[in-house]
Amino acid sequence: MSLAQALEAPSGPVLLKVTGDIEITNVDDEAHFDRAMLEALPQHETRTHLPWYDGRSVYRGPLLRDLLSAVGSTGSLLRVSALNDYVSEIPVSDAMEHDVILAMSRDGVPMRVRDQGPLFVIYPFDDFPELYTEVYLHRSVWQVSSIDVRRSSRP
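Residues numbered from 1 in each chain as written. Predicted model: local features only at pLDDT ≥ 70, side-chain atom pairs only at ≥ 80, totals over all residues. Heavy atoms only, no water.

**Quick look at the sheet that holds strand 5 (residues 77–82)**
Spatial ordering of the open sheet is given by 2-1-11-5-6, a layout of 5 strands whose pairing is mixed. Of all strands in the sheet, those with a lone pairing partner are strand 2 (31–34) and strand 6 (87–91), marking the two edges. Within this sheet the neighbouring strands show an average axis-to-axis angle of 20 degrees, counted without direction. As paired strands, strand 1 (residues 14–20) and strand 11 (residues 144–150) are joined by 4 bridges and run parallel to one another. Residue pairing across strands places V18 opposite I147, the latter belonging to strand 11. (Pairing = 2+ DSSP bridges. Helix = DSSP H or I, 4+ residues; strand = E, 2+ residues; numbered from the N terminus. Axes fitted to C-alpha atoms, helices over the stretch in contact; angles between N-to-C directions.)

Below is the structure:
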């Protein structure tokens, strides 16, 4: 799927809904993605340690900036929500400055809900140790279900 073309409707179960300040949609004013649609975006790998796992793992998925491009994001802030209703705000600048991925697999295995999947925001902590702080760890949302793109922080 070219990042510039319109989004087709998902044919499988929806893993991610992107809402808010976006220009490219496929279900009313939202962009819905199934696994195949996310896998069609350019894939990236990050090898890093996380405090929730022992050792270093390889995480694979689309770059957050490529997802934002695919939906024509016009915002500066992402409100990322998890299946358990956890919410974190991530500045779009994080996605532009670092290879932040929306991981779909860990060590070659698709991430299931019981394994913090199906989607997990992963920062390249090993490549940029200065990111390994509470601020960025709180932005590392697992079980991501939706992203609301905003122009600024608002309730």
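Now that the structure is up, let's keep going.
**Concerning unusual backbone geometry**
Cis geometry is found at the peptide bond from G117 to P118, where omega equals 5 degrees. In this structure, P118 sits in the loop between strand 9 (109–110) and strand 10 (120–122). A positive phi is found at D85, a non-glycine position, where the angle reads about 75 degrees. Within the fold, D85 resides in the loop between strand 5 and strand 6. Classification of D85 as exposed rests on a relative accessible area of 66%. Phi is positive for D107, close to 50 degrees, though the residue is something other than glycine. (Buried < 20%, exposed > 50% of the residue type's maximum accessible area, 1.4 Å probe, protein only.)

**Digging into the environment of F120**
Here F120 shows up in strand 10. Note: C-alpha distance between F120 and V149 (29 residues apart in sequence) is 17 Å. The contact partners of F120, leaving out residues within four places of it in the chain, are L50, W52, Y53, I101, L102, A103, M111, S140, V141 and W142. (Contact = heavy atoms within 4.5 Å.)

**Let's talk about the pattern of salt bridges**
One pass over the structure, following the stated rule, counts 10 salt bridges. With a closest N to O distance of 3.9 Å, R35 and E39 form a salt bridge. Here R35 pairs with E39, and both are found in helix 1 (residues 35–40), just 4 residues apart, close to one helical turn. By relative accessible area, E39 is classed as partly exposed at 44%. For R139, the salt bridge identified is with D94, shortest N-O distance 2.7 Å. (Salt bridge = Lys/Arg side-chain N within 4 Å of Asp/Glu carboxyl O.)

**As for the sheet that holds strand 9**
Note: strands within a sheet are paired through backbone hydrogen bonds, in either parallel or antiparallel orientation. Read across the sheet, 4 strands follow the order 3-4-8-9 without closing on themselves; strand pairing throughout is antiparallel. One side of each edge strand has no neighbouring strand; the edge strands of this open sheet are strand 3 (43–49) and strand 9. Taken together, the 2 bridges between strand 4 (residues 56–62) and strand 8 (residues 105–106) define a ladder with antiparallel strand orientation. Across the sheet, the residue bridging to Y59 is R106, located in strand 8.

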